[in-house]
Amino acid sequence: MKQASKSFTDNDPVLHSLLSQSSYTGRTGKEHSSTANSTENNLRIIYDFIEREKPSNTLEIGMAFAMSSLVFARYHERKHSPPPPHVAIDPFQTTHWDSIGLIHLEQVGLKERVTLMEEYSCIALPNLMQNKKKFDFIYVDGSHIFEDVFVDFYYSSRLLNENGIILFDDSTDKHVRKVLQFIKKNMSEHFQQIDLSAYGLNPEKKIRYNVAQRLGKTQATAFRKIGSAKRDWNVKFVEF
Ligand SMILES: C[S@@+](CC[C@H](N)C(=O)[O-])C[C@H]1O[C@@H](n2cnc3c(N)ncnc32)[C@H](O)[C@@H]1O
């Protein structure tokens, strides 16, 4: 008999239940539809990635209802003693999102494990750099406008440790895809694309995922930073 594949939320009933809800209630009592959530597939990739790569510290741009924050914070709680905080950047957590992400973290006792920077990423990221922070894993899922994604990549590439991983959500979005094209065409020496079919997928889904990956049609795209990724100021430009 074929065994049901084990879901990464099997051991996390709270995340499981939050992911199945169509709306959440904020501090002011207002209802928000859950459409801003990362997909379960992306969360599974993050989960599998950090379980295998064991990053010491993690950063995400875009918190919303804290689905990805929960995966990161749980990982740190399990693996590190004392668990280091996960850093999440989102300028709209207490305003537009009515603190729903923070409420979710409170509900599972993980609020202290997440440092929220409630600022635009173009302010928060250089701030982290100035304070000499470094990360092993960065999840880019904030504003999806080209220039913002580019700025997120620019600073993330400097905030990543050597061998660190950067994972982008919504890779098929035209704005995001343009930034990914820039990385692939101009920075392939420094950022090596990772085959995500090796992460979080059961064997049946791997083949389909491989094809989609070759066509640039997967939702998530990840790169590993090779070396310091420093480029000469007058390096040749490749059209993208
Ligand atoms: C798709 S949601 C993030 C979903 C979340 N990662 C999850 O797993 O459920 C995108 C988030 O980016 C935030 N955002 C928008 N512009 C931003 C900016 N300039 N800097 C940082 N975050 C931004 C939004 O407030 C929103 O919460």
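It should be emphasised that the depicted structure is a prediction, and the values quoted were computed from it without experimental measurement. (Residues numbered from 1 in each chain as written. Predicted model: local features only at pLDDT ≥ 70, side-chain atom pairs only at ≥ 80, totals over all residues.)

1. Quick notes on the nonpolar core
If you look at the biggest cluster of nonpolar residues, it comprises 58 residues, and the most contacted ones within it are Ile-46, Leu-70, Ile-138, Val-140, Ile-166 and Leu-167. Residues in contact with Val-140, not counting those within four places in the same chain, are Ile-61, Val-149, Asp-152, Phe-153, Ser-156, Ile-166, Leu-167, Phe-168 and Asp-169. (Core = buried A, V, L, I, M, F, W, Y, C linked by C-beta atoms within 7 Å. Buried ≥ 20, exposed ≤ 12 C-beta atoms within 10 Å, placed from the backbone. Contact = placed C-beta atoms within 7 Å.)

2. Examining the confidence of the model for the protein chain
Summarising the model, the protein chain shows a mean pLDDT of 92, and 97% of its residues fall at 70 or more. Within the model, pLDDT remains below 50 along residues 1-5, and this stretch shows 1 contact once partners closer than five positions in the same chain are excluded. (pLDDT = per-residue confidence, 0-100.)

3. Description of the site of the ligand
With respect to spatial proximity, 21 residues lie near the ligand, and among them Ser-38, Gly-62, Ser-68, Gly-142 and Ser-143 are the closest. Among the residues forming the shell around the ligand, the class breakdown is 11 nonpolar, 7 polar and 3 charged. (Near = placed C-beta within 6 Å. Nonpolar A, V, L, I, M, F, W, Y, C, P; charged D, E, K, R; others polar.)

4. Examining the packing of helix α6 (residues 146-159) against helix α7 (residues 174-186)
Two elements in contact, α6 and α7, have axes separated by 8 Å at closest approach and are oriented at 40 degrees. The angle between the axes of α6 and α7 places the two elements in the oblique class. Between α6 and α7 lies a crossing whose hand is right-handed. In this structure, α6 contributes Phe-146, Val-149, Phe-150 and Phe-153 to the contact, and α7 contributes His-175, Val-176, Lys-178, Val-179 and Ile-183. By residue class, the composition of the contact of α6 with α7 is 7 nonpolar, 1 polar and 1 charged. (Axes fitted to C-alpha atoms, helices over the stretch in contact; angles between N-to-C directions. Helix = DSSP H or I, 4+ residues; strand = E, 2+ residues; numbered from the N terminus. Parallel < 35°, antiparallel > 145°, perpendicular 65-115°, else oblique. Left-handed = near helix turned anticlockwise from the far one by under 90°.)

5. Describing helix α3 (residues 67-79)
Note that an α-helix has 3.6 residues per turn; residues three or four places apart therefore point the same way. Here α3 spans 19 Å end to end across 13 residues, near enough to the 18 Å set by a 1.5 Å rise per residue. Among the 13 residues that make up α3, 10 are buried, leaving the element largely enclosed by the rest of the structure. Within α3, the full set of buried residues consists of Met-67, Ser-68, Ser-69, Leu-70, Val-71, Phe-72, Ala-73, Arg-74, Tyr-75 and His-76. (Expected span 1.5 Å × (residues − 1).)

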